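Single-letter residue listing:
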Amino acid sequence: MIPMVDLRRQYLQLKEEIDAAVLDVLDKTQFILGPNVSELEAEVARYHGVPHAVGVANGTDALLLALRALGIEAGDEIITTPFTFIATAEVAGLLGAVPVFVDIDPKTFNLDPARLEAAVTEKTRAIIPVHLFGQPCDMDPILDVARRHGLKVIEDCAQAFGARYKGRIVGTLGHAGCTSFFPSKNLACYGDGGMVITADEETDAALRVLRNHGSAVRYTHSTLGYNSRLDEIQAAIVRVKLRRIDALNEGRRRAAGLYRKSIRRTGVVLPYEAEDCRHVYHQFTLLTDERERLQEALTKAGIASAVYYPIPLHLQEVFRNSAACRHGDLPASEDAARRVLSLPMFPEITEEEIQRISDVINGATA
Ligand SMILES: *Cc1c(COP(=O)(O)O)cnc(C)c1O
């Protein structure tokens, strides 16, 4: 069986260090906002070359708190992509803000910058570009629209930790970058965790208050906040992996290169990789008109595959009242949802496994 992600292989490689880090937390018993959380914040900030990073409970809260910290309120419109995980738009809705979905560039699966400006209204306050599957969005035109209209840019980097756009690390291009340490993400822990990075001191201060019940000084509360702190044990685990994140991402890029060499089936479109970007392959996602046939053949051969995402957000019941909510409204996203197929992808996947998977794809018959 080849799974989509094999977390055990990485754990066994890092076991000694991770076990020691976890035991050290248990030994020190400083479980809430302890030294590992502040060290990890400093290390993640340094990795990105920005002054601030704030640990929170998960990637969804990273987005939610970033929107709050940047002043998003009920009634504000937030432009984002419909081809993403629900969390990206869910957080806008939870604040009473309105997600406005703009169609994707079918080549990159990311928000199409050419369609962005037409969606801006006087109520628009922010854009959430999502670097989907590890591929950086084309940020320059997005930032340009944001600057012209005075909009905040919150990057959803949950699938793209360490990816680079024209040499710059994603998460540092807008006002805040949000990441998730969910176990299957490129930089991950063994439970839930997340982080917001920002160059702005005021945003950093607001995030620290929001994650801790609206409190900067103990038992003094300036706003309604959340219990959304990054767990100390999870922070200790992420620190072990952060030291290796570039090698882990290289492992994914190596696997992607092997897939590219081995998959030869006509009609299958391999993932696009922009020359001036460093894609970090959270997923290796094909476009195919034969999705069912290929999935069937893979399953028969004991190989996992997955569809991210089968229903674009503008067609989800929860967003039935959004401006574009009918079939056909955002055709590129709907077409991608019908034709995408993600293959097993993790840094430790072997050349032999990729060959086996590719052989099944190349040889699948009706
Ligand atoms: C995983 C993910 C999130 C949410 O992260 P959690 O830690 O699961 O809350 C948000 N956006 C995208 C694009 C994701 O893939």
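From a predicted model like this one, the values you see are computed outputs, not experimental measurements.

Some thoughts on a nonpolar patch on the surface
Okay, step 1: On the surface, Leu23, Leu26, Phe31 and Ile32 cluster together into a nonpolar patch covering about 390 Å² of accessible area.
Okay, step 2: Looking at the element boundaries, Leu23 is found in helix α1 (residues 7-28).

A word on the site of the ligand
Okay, step 1: Around the ligand, a shell composed of 14 residues is seen, among which Gly59, Thr60, Asp156, Ser180 and Lys185 lie nearest.
Okay, step 2: The contact in question runs from an oxygen atom of the ligand to an N or O atom on the backbone of Gly59, over 2.7 Å.
Okay, step 3: Isolated, the ligand exposes 380 Å² of accessible area, and the fraction of that covered by the protein chains is 93%.
Okay, step 4: For the ligand, the cavity whose grid points lie within 2 Å of the majority of its atoms is the largest pocket.
Okay, step 5: Of all elements in the fold, only α3 (59-69) and α4 (87-94) reach the threshold of two or more residues within the shell around the ligand.
Okay, step 6: Its residues assigned to classes, the shell around the ligand shows 5 nonpolar, 7 polar and 2 charged.

A few points about empty space enclosed by the protein
Okay, step 1: Per the stated rule, a full pass over the model turns up 4 cavities of 30 Å³ or more.
Okay, step 2: Taken as a whole, the largest cavity encloses approximately 100 Å³ of empty space.
Okay, step 3: Its residues assigned to classes, the lining of the largest cavity shows 6 nonpolar, 3 polar and 5 charged.
Okay, step 4: Counting residues domain by domain, the lining of the largest cavity receives three or more from each of domain 1 (7-101 + 110-242) and domain 2 (245-363).
Okay, step 5: There is about 70 Å³ of room inside the second largest cavity.
Okay, step 6: As for the second largest cavity, its lining consists of 14 residues, of which His48, Cys157, Phe161, Thr179 and Ile197 are closest to the centre.

Brief notes about the sheet that holds strand β12 (residues 277-278)
Okay, step 1: In space, the 3 strands of this open sheet follow the order β7-β6-β12, with antiparallel pairing throughout. Two strands bound the open sheet, and with one partner strand each, they are β7 (168-169) and β12.
Okay, step 2: Note that strand β6 (residues 164-165) and β7 share 2 bridges and pair antiparallel. Residue pairing for β7: Arg164 is matched across the bridge by Ile169.

Let's talk about the pattern of salt bridges
Okay, step 1: Scanning the entire structure with this criterion turns up 26 salt bridges.
Okay, step 2: The salt bridge involving Arg125 is made with Asp76; its shortest N-O contact spans 3.9 Å. Placement of Arg125 in strand β4 (residues 124-128) and of Asp76 in the loop between α3 and β2 (77-80) is noted, with a sequence separation of 49 residues between them.
Okay, step 3: Of the residues examined, Asp76 reaches a relative accessible area of 10% and is grouped as buried.

Digging into the nonpolar core
Across soluble globular proteins, nonpolar side chains have a tendency to be buried as a group.
Okay, step 1: Judged by nonpolar contacts, the single largest core of 25 residues is most densely connected at Ile79, Leu116, Ile127, Met139 and Ile142.
Okay, step 2: The element best represented in this core is helix α5 (residues 139-149), accounting for 5 residues.
Okay, step 3: Composition of this core by domain shows at least three residues from each of domain 1 (7-101 + 110-242) and domain 2 (245-363).
Okay, step 4: The residues touching Leu116, leaving out its near neighbours within four places in the chain, are Ile79, Val102, Leu111, Ile127, Ile142 and Val145.

Points about the packing of helix α8 (residues 245-262) against helix α11 (residues 351-363)
Okay, step 1: Interhelical geometry of α8 versus α11 gives an angle of 35° and a closest axis separation of 9 Å. For the crossing formed where α8 meets α11, the hand is right-handed. Side by side, α8 and α11 meet where Arg254, Ala255, Leu258, Tyr259 and Ser262 of the first sit next to Glu351, Ile354, Gln355, Ile357, Ser358 and Asn362 of the second.
Okay, step 2: Here the contact of α8 with α11 is built from residues that sort into 5 nonpolar, 4 polar and 2 charged.

Re the domain arrangement of the protein chain
Okay, step 1: As far as domains go, the protein chain holds domain 1 (7-101 + 110-242) and domain 2 (245-363).
Okay, step 2: For domain 1 versus domain 2, the separation of C-alpha centres amounts to 24 Å.
Okay, step 3: With 34 residues of domain 1 at the contact, the number on the domain 2 side is 36 residues.
Okay, step 4: Both sides of the domain 1 and domain 2 interface together cover about 2,900 Å² of buried area, and 61% of this is carbon and sulfur.
Okay, step 5: The interface formed by domain 1 and domain 2 includes 1 salt bridge.
Okay, step 6: Counting across the domain 1 and domain 2 interface gives 20 residue pairs in polar contact (both at pLDDT 80 or more).
Okay, step 7: Elements supplying a minimum of two residues to the side of domain 1 that touches domain 2: α1, α4, β3 (98-101), β6 and α7 (232-242).
Okay, step 8: Its residues placed into classes, the side of domain 1 that touches domain 2 shows 17 nonpolar, 11 polar and 6 charged.

Comments concerning α7
Each full turn of the α-helix corresponds to 3.6 residues, which orients residues three or four apart in the same direction.
Okay, step 1: Of all 11 residues that make up α7, 10 are buried, and the element is covered over most of its length.
Okay, step 2: Of all the residues in α7, the buried ones are Glu232, Gln234, Ala235, Ala236, Ile237, Val238, Arg239, Val240, Lys241 and Leu242.
Okay, step 3: Each element contacted by the buried residues of α7 is listed here: α1, α2 (35-48) and α8.
Okay, step 4: Structurally, the start of α7 carries an N-cap: the backbone nitrogen of Ile233 is 2.9 Å from a side-chain oxygen of Asp231.

A few points about the layout of surface pockets
Okay, step 1: One number sums up the size of the largest pocket: a volume of about 460 Å³.
Okay, step 2: Phe85, Gln159, Phe182, Lys185 and Tyr309 are the residues nearest the centre of the largest pocket, which is lined by 28 residues in total.
Okay, step 3: When contributions to the lining of the largest pocket are tallied by element, the ones reaching two or more residues are α3, α4 and β8 (176-180).
Okay, step 4: What the second largest pocket holds in volume is close to 220 Å³.
Okay, step 5: In terms of lining, the second largest pocket is formed by 16 residues, of which the most central are Asp105, Thr108, Asp138, Tyr272 and Ala274.
Okay, step 6: Of the residues contributing to the lining of the second largest pocket, the split by class is 8 nonpolar, 3 polar and 5 charged.
Okay, step 7: Composition of the lining of the second largest pocket by domain shows at least three residues from each of domain 1 (7-101 + 110-242) and domain 2 (245-363).

Conventions used here
- Each chain carries its own residue numbering, running from 1 in the written order of its sequence.
- Local features in this predicted model are restricted to residues of pLDDT 70 or higher, and side-chain atom pairs are both shown and tallied only at a pLDDT of 80 or more, whereas totals for entire chains, interfaces and linings draw on every residue.
- Side-chain calculation: all heavy atoms of the structure are included, whereas hydrogens and water are not.
- Residues forming no salt bridge and having over 30% relative accessible area are the ones grouped into patches, like charges within 9 Å of each other and nonpolar side chains (Val, Leu, Ile, Met, Phe, Trp, Tyr) within 5 Å.
- Throughout, the Shrake-Rupley method with a 1.4 Å probe supplies accessible areas, and for residues the shown protein chains are the sole cover considered.
- A pairing counts as a salt bridge when a side-chain nitrogen of Lys or Arg comes within 4 Å of a carboxyl oxygen of Asp or Glu.
- A helix here means a DSSP run of H or I that spans at least four residues, while a strand means a run of E at least two residues long, and both kinds are numbered starting from the N terminus.
- Whether a residue is near a molecule or strand is decided by its heavy atoms; if any one of them lies within 4 Å of it, the residue is near.
- Any pair of nitrogen or oxygen atoms within 3.5 Å is treated as a polar contact; in protein, a donor-acceptor pairing is required on top of that, and neighbouring residues in sequence qualify only through side-chain atoms on both sides.
- Think of a 1 Å grid over just the protein atoms. A cavity is a set of points where a 1.4 Å probe fits yet cannot get out, a pocket is an open set with protein on both sides within 12 Å along at least five of seven lines, and lining residues have an atom within 4 Å of a point.
- In this description, a molecule resides in a pocket or cavity if more than half of its atoms sit within 2 Å of the grid points defining it.
- Asp, Glu, Lys and Arg are counted as charged, while Ala, Val, Leu, Ile, Met, Phe, Trp, Tyr, Cys and Pro are counted as nonpolar; the rest, among them Gly, fall into the polar class.
- Grid points are joined across faces, edges and corners, and a volume is the space filled by probe spheres set on the points.
- Domains are outlined according to an automatic or database domain assignment.
- Two strands qualify as a pair provided that DSSP identifies no fewer than 2 bridges between them.
- In this scheme, a residue with accessible area under 20% of its type's maximum is buried, one over 50% is exposed, and one in between is partly exposed, where area comes from a 1.4 Å probe on protein chains only.
- Buried Ala, Val, Leu, Ile, Met, Phe, Trp, Tyr and Cys residues form a nonpolar core when they are joined through side-chain atoms within 4.5 Å.
- Here, two residues are considered to be in contact whenever any of their heavy atoms come within 4.5 Å of each other.
- Axis angles are defined between N-to-C directions and span 0 to 180 degrees, where every axis is a line fitted to C-alpha atoms and, for a helix, only to the segment in contact.
- In this scheme the handedness of a crossing depends on how the near helix is turned from the far one: anticlockwise by less than a right angle means left-handed, clockwise means right-handed.
- Values labelled buried area give the accessible surface lost by two parts on being combined, using a 1.4 Å probe and summing over both.

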